[in-house]
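Structural characterization, general
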Number of protein chains: 10
Amino acid sequence: MLFLVRMKVSVPPDADAHEVAGLQRDERDLSRRLQHEGIWRHLWRVVGRYENVSIFDVDSHEQLHEVLTSLPLWPYLDIATTPLAAHPSAIEEDAVPRVGRG
Amino acid sequence: MLFLVRMKVSVPPDADAHEVAGLQRDERDLSRRLQHEGIWRHLWRVVGRYENVSIFDVDSHEQLHEVLTSLPLWPYLDIATTPLAAHPSAIEEDAVPRVGRG
Amino acid sequence: MLFLVRMKVSVPPDADAHEVAGLQRDERDLSRRLQHEGIWRHLWRVVGRYENVSIFDVDSHEQLHEVLTSLPLWPYLDIATTPLAAHPSAIEEDAVPRVGRG
Amino acid sequence: MLFLVRMKVSVPPDADAHEVAGLQRDERDLSRRLQHEGIWRHLWRVVGRYENVSIFDVDSHEQLHEVLTSLPLWPYLDIATTPLAAHPSAIEEDAVPRVGRG
Amino acid sequence: MLFLVRMKVSVPPDADAHEVAGLQRDERDLSRRLQHEGIWRHLWRVVGRYENVSIFDVDSHEQLHEVLTSLPLWPYLDIATTPLAAHPSAIEEDAVPRVGRG
Amino acid sequence: MLFLVRMKVSVPPDADAHEVAGLQRDERDLSRRLQHEGIWRHLWRVVGRYENVSIFDVDSHEQLHEVLTSLPLWPYLDIATTPLAAHPSAIEEDAVPRVGRG
Amino acid sequence: MLFLVRMKVSVPPDADAHEVAGLQRDERDLSRRLQHEGIWRHLWRVVGRYENVSIFDVDSHEQLHEVLTSLPLWPYLDIATTPLAAHPSAIEEDAVPRVGRG
Amino acid sequence: MLFLVRMKVSVPPDADAHEVAGLQRDERDLSRRLQHEGIWRHLWRVVGRYENVSIFDVDSHEQLHEVLTSLPLWPYLDIATTPLAAHPSAIEEDAVPRVGRG
Amino acid sequence: MLFLVRMKVSVPPDADAHEVAGLQRDERDLSRRLQHEGIWRHLWRVVGRYENVSIFDVDSHEQLHEVLTSLPLWPYLDIATTPLAAHPSAIEEDAVPRVGRG
Amino acid sequence: MLFLVRMKVSVPPDADAHEVAGLQRDERDLSRRLQHEGIWRHLWRVVGRYENVSIFDVDSHEQLHEVLTSLPLWPYLDIATTPLAAHPSAIEEDAVPRVGRG
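The residue count restarts for each chain, going from 1 along the sequence in the order it is written. Throughout, the order in which chains and ligands are written sets their labels, letters from A for the former and numbers from 1 for the latter. Local features in a predicted model are, by the rule used here, given only for residues with pLDDT of at least 70; side-chain atom pairs are given and counted only at 80 or more, and totals for whole chains, interfaces and linings are based on all residues. Excluded from the side-chain calculations are hydrogens and water; all other atoms, namely the structure's heavy atoms, are used.

A few words on the relation of the copies chain F and chain E. Overlaying chain F with chain E gives an RMSD of 0.0 Å, the required rotation being 180° about an axis along which the chain moves by 0.0 Å. Taken together, the rotation and translation describe the operation of a two-fold axis. A least-squares superposition brings the copies together, and it is based on the C-alpha atoms of residues with pLDDT no lower than 70 in both.

As structure tokens, this is what we get:
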């Protein structure tokens, strides 16, 4: 099932720059792995802000919560989720909810 | 270039049901044509609301404005747009901005 | 999967009282049927308001959207949904997400 | 009487990790005890956030305030309460307010 | 138990003046009866607005909801309730919650 | 004249616990004195929050400002005031504004 | 005592133009009378809006409420009041609160 | 030309008390000078808050910006400005905009 | 002096289409005249909304108020103004405030 | 394509004054270069605030994001962007979107 997920990153100005850079590298790696697995379907940057707009595709609410809280930048994230359903006028493939991943 | 577009539909309860149904049919037709043309990239329903979340891909702000104001339900729409940029961690094809459509 | 759903009812003062009463009766019947089926898990009234707080348990976002838009009072409802996950400290049975209903 | 209670946890990034872990363990223990006593009726996690949605059943406002302020994470909690009443369409047992606990 | 209740009255400009005057008279009568019964403890006008601030003292959430929805102006009211508890520094009698009314 | 006053207390987590306890003791003492003098008419706790709802009765805006800024916890308070007037439907004694205190 | 009062006028587009013009004339007359009496101390227009910013000087909350609700445009006004006190750095005469008008 | 200016002061609790007292003294001196020059027309305290409501009369936006940013407490101020125009119903002298100061 | 002006147009769906079209034509004519006179410096459309962003350059608040209230669509406009000053880093000509228009 | 960009600067009071001054100098230099290149079309100060209103003209969302995140004060900026389109009533040259910069 699909979710619009919006993540706002708030790193305090006095955070350790080296440590933050490490978290950002790990975040990128994990993000790419999740994209390859089809869980993190889309990922865009909000122009002018340290914030992203994403589409996630998960099997359960528990899976989404687990994925989001495992993000390396989690302590600095303010996350809002919006549940999405297939739109009757949509023609695209990914609007169809997956019934199972097996 | 990509935009997150959120459209909330507010049809007044006393609107002519037959006329609204006609507008909705036209809206669906136009929406599908725009999806086939690659302008309306994604279209999802917000669960529990007469509201959608979409991704548009246009060549200019003028084109996006023209497309949105040509929607049959336009008089009943409250629209918010968020400009999106390619995310450095994104692997997917559609995160790459199109430089031209020619 | 579980959702906190909050529905605010806004019937315009000049609506036909008889027709509204009919919708309310139908709403109550459908609501009870959905409660018996285990889809509408909990239903409470917000004190002092024509508004309710509910917990829904559905198999997909599409199912939740279908259920909510089929409510007789739908044209008068403003609905907000919040996806819920099982809490690690919860002891109760219904915090466990259902993997299937079959 | 029943309350919807929403708790948002805001632990400052520079808090002592060990101390916070201790508070979280104590919070879980107290939470479970209160659930067994029937005071903390339901407890769910809000997906993607360090925030929960709960239903409390108490005998008085004083009892609810005492319970909430005794939570080990209290200094980090932002709490909003919504008083709930039995809904005339509800079929479930726990919509019935308890007249006494004796 | 005590509640801060704030009621905002929004009578549409085109409402029948005679009918509204009748509702206001009935509202005043019921309000005074509830004050004499000790349920509507305090009632003040918000300066410059058609809005009041009140303190209610009820035995249950169901009683408060029943009282508020029985107000003649109910269809025009937007009501917000805030549950109150006795304050440890309060000296006054009415800060003490009533355990029973019998 | 009467005011609804709402005070939210925000003590930073790293404040000196001993010093804060002292301020709270002084706050309670001053609060009780003001209640005995009839200036702080009512004082309630907002359930689940470090916040109170109060009714003040003062001779002038200057007096109210002086009283509020003299509270020991003043540096940590966020205060909102709402001017109240006697309500025509009120039966209670304290809805009558005091013309003088002499 | 002094109040900052902000009044927003919302005349519905379909209101009777002749009747509204009459109310506006009456409003102007009453406004001027109150200014001459020293009750409506200052009156300014908010640029680009049908809204004003005013300073009122009254003897009681009841007087202010009575004055505001007697304005001919009252049914179309949304009014917010802010109680003001003399500022210790102010040099001007009218910052001094009037103790009596006799 | 006239402006409603609202200044909210937020001195962090851990600021140097001596230094802040010095800034406050300087602020008062400058404020009085500006009042004598007719630039800072009115100055009131918002009851219960470290916040003021003022009326400024300046020759240009640049002058207003320069005056406000030169206030000793500027680093701690959150300022909102509202442009005001003469009101057609106003009788008072100071509602007339100054065309020049020379 | 310069102002950022944001105008949101809300024409009710049941307005007379012919009359609105006339107002829009008049609005365009007046808008162009004001642009030629240098008063309406810039005019842009907000993408996806019946709303514009403009820069006005006027000699006084009274002039700006007069110009805005003379717009044919005025009854349907919700207008917000933000006073602007020359920015010290700006290189452009029009950031310089005009001292007079004579 | 054009954007209204609003930047609010929040430098923490305890930031190193010398370092901030350096960033401000660099910011001014870069800002001027971008203005000369025609990317930063307009730049104004919001009166009374450490905040600016700007118009940017870019070839892509990626370019705008790159420009904004390269600003020396970026860590202290809260930025909101609004996409603008040419207005049919605009007469000015710069309302015409640039199709290319080559």
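From this point, the discussion proceeds with the structure in view.
Residue contacts are defined here by distance: any two heavy atoms, one from each residue, within 4.5 Å place the two residues in contact. Taken residue by residue, the interface counts 31 residues in chain F and 31 residues in chain E. Two parts placed together each lose some accessible area under a 1.4 Å probe, and the buried area is that loss summed for both. With both sides pooled, the region where chain F packs onto chain E buries about 2800 Å², and carbon together with sulfur makes up 61% of that total. Sorting the residues of chain F by area buried against chain E places F:Trp44, F:Arg45 and F:Ile91 first, and these three jointly supply 23% of that buried surface. We count a salt bridge whenever a side-chain nitrogen from Lys or Arg sits within 4 Å of a carboxyl oxygen from Asp or Glu. Linking chain F with chain E are zero salt bridges, by the criterion used here. Pairs of N or O atoms within 3.5 Å make up the polar contacts considered here, provided that, within protein, one atom can donate a hydrogen while the other can accept it, and that residues adjacent in sequence are counted only when both atoms are side-chain atoms. In this assembly, chain F and chain E are joined by 14 residue pairs in polar contact (both at pLDDT 80 or more). We count a stretch as a helix when DSSP gives it H or I for four or more residues in a row; a strand needs E for two or more, and each element gets its number in order from the N terminus. Where the side of chain F that touches chain E is concerned, the elements lending two or more residues are strand E1 (2-9), helix H1 (17-36), strand E2 (40-46), strand E3 (51-57) and strand E4 (77-86) of chain F.

Turning to the relation of the copies chain B and chain A, a few remarks are in order. Screw-axis analysis of chain B against chain A gives a translation of 0.0 Å along the axis, an RMSD of 0.0 Å, and a rotation angle of 180°. The share of interface residues of chain B whose copies in chain A are also at the interface is 100%, consistent with both copies meeting through the same surface.

This brings us to the interface of chain B and chain A. Listed as interface residues are 31 residues of chain B and, on the opposing side, 31 residues of chain A. Where chain B abuts chain A, roughly 2800 Å² becomes buried across the two surfaces, and 60% of that area is made up of carbon and sulfur atoms. Put simply, chain B and chain A have zero salt bridges between them. Summed over the shared surface of chain B and chain A, the result is 15 residue pairs in polar contact (both at pLDDT 80 or more). Where the side of chain B that touches chain A is concerned, the elements lending two or more residues are strand E1 (2-9), helix H1 (17-36), strand E2 (40-46), strand E3 (51-57) and strand E4 (77-86) of chain B. The biggest single contributor to the side of chain B that touches chain A is E2(B), with six residues. By this definition, two strands are paired if DSSP reports at least two bridges between them. Inspection of the sheet shows strand E4 (residues 77-86) of chain A paired to E2(B) by three bridges, in the antiparallel sense.

Right, let's get into the pattern of salt bridges. Throughout the structure, instances matching the rule amount to 40 salt bridges over all chains. With its nearest N and O atoms 3.0 Å apart, the salt bridge here joins A:Arg49 to J:Asp78. Here the residue A:Arg49 occupies a position in the loop between strand E2 (40-46) and strand E3 (51-57), and J:Asp78 occupies one in strand E4 (residues 77-86), the pair thus bridging two chains. Between F:Asp57 and F:Arg41 there is a salt bridge, with the nearest N and O atoms lying 2.7 Å from each other. Placement of F:Asp57 in strand E3 and of F:Arg41 in strand E2 is noted, with a sequence separation of 16 residues between them.

In this section: the pairing of strand E3 (residues 51-57) of chain J. Along any regular strand, the residues point their side chains to alternate faces of the sheet. All names here are of chain J. Three exposure classes are used, based on accessible area relative to the maximum for each residue type with a 1.4 Å probe and protein chains only: buried under 20%, partly exposed in between, and exposed over 50%. With seven of seven residues buried, E3 lies mostly within the body of the structure. With burial as the criterion, each face of E3 is covered, one bearing Glu51, Val53, Ile55 and Asp57 and the other bearing Asn52, Ser54 and Phe56. Relative to E3, strand E1 (residues 2-9) runs antiparallel, the two being bridged by seven bridges. Bridge pairing links Met7 to Asn52 in E3. A loop of four residues connects strand E2 (residues 40-46) with E3, the two strands running antiparallel in sequence, and Gly48 in this loop sits at a positive phi of about 85°.

This brings us to the packing of aromatic side chains. Residues and elements named next belong to chain I. Stacked, tilted and edge-to-face pairs are distinguished by plane angle, under 30 degrees for stacked and over 60 for edge-to-face with tilted covering the rest, among Phe, Tyr and Trp rings (Trp via its six-membered ring) whose centres lie within 6.5 Å. Counted under the stated rule, the structure contains 10 aromatic pairs over all chains. Relative to Phe56, the ring of Trp40 has its centre 4.7 Å away and its plane inclined at 35°; by these criteria the two rings are tilted. Here the residue Trp40 occupies a position in strand E2 (residues 40-46), and Phe56 occupies one in strand E3 (residues 51-57), the gap between them amounting to 16 residues. Look at Phe56 and you get buried, because its relative accessible area is 0%.

In this view chain A stays clear of chain E, with the nearest C-alpha atoms of the two still 26 Å from each other. At their nearest point, the C-alpha atoms of chain A and chain G are still 30 Å apart, with no contact between the two.

A word on the sheet that holds strand E4 (residues 77-86) of chain C. Here we have eight strands rolled up into a closed barrel, ordered E1(C)-E3(C)-E2(C)-E4(D)-E1(D)-E3(D)-E2(D)-E4(C), and antiparallel in their pairing. Across the sheet, the mean angle from the axis of one strand to that of its neighbour is 35°, orientation sign disregarded. Lines fitted to C-alpha atoms define the axes, with helix axes restricted to the stretch in contact, and inter-axis angles between N-to-C directions lie between 0 and 180 degrees. Across the face of the sheet, helix H2 (residues 61-69) of chain A comes into contact with strand E1 (2-9) and E4 of chain C together with strand E2 (40-46) of chain D while running at roughly 70° to E4(C).

Attention now moves to the pairing of strand E1 (residues 2-9) of chain G. Residue and element names in this part refer to chain G. Most of E1 sits out of view: six of its eight residues are buried. Two elements, E1 and strand E4 (residues 77-86), share eight bridges in a ladder whose sense is antiparallel. Its bridge partner being in E4, Met7 is matched across the sheet by Ile79.

Once that is clear, we can look at H1(F). Residue and element names in this part refer to chain F. Here H1 spans 29 Å end to end across 20 residues, near enough to the 28 Å set by a 1.5 Å rise per residue. Among all positions of H1, only Val20, Gly22, Leu23, Glu27, Leu30, Ser31, Leu34 and Gln35 are buried. Against E2 and helix H2 (61-69) lie the buried residues of H1. If you check the start of H1, you find a side-chain oxygen 3.1 Å away from the backbone N of His18, and it comes from Asp16. Positive backbone phi, approximately 85°, marks Gly38, located one or two places after H1. In a helix, the anticipated span is given by 1.5 Å times the number of residues less one.

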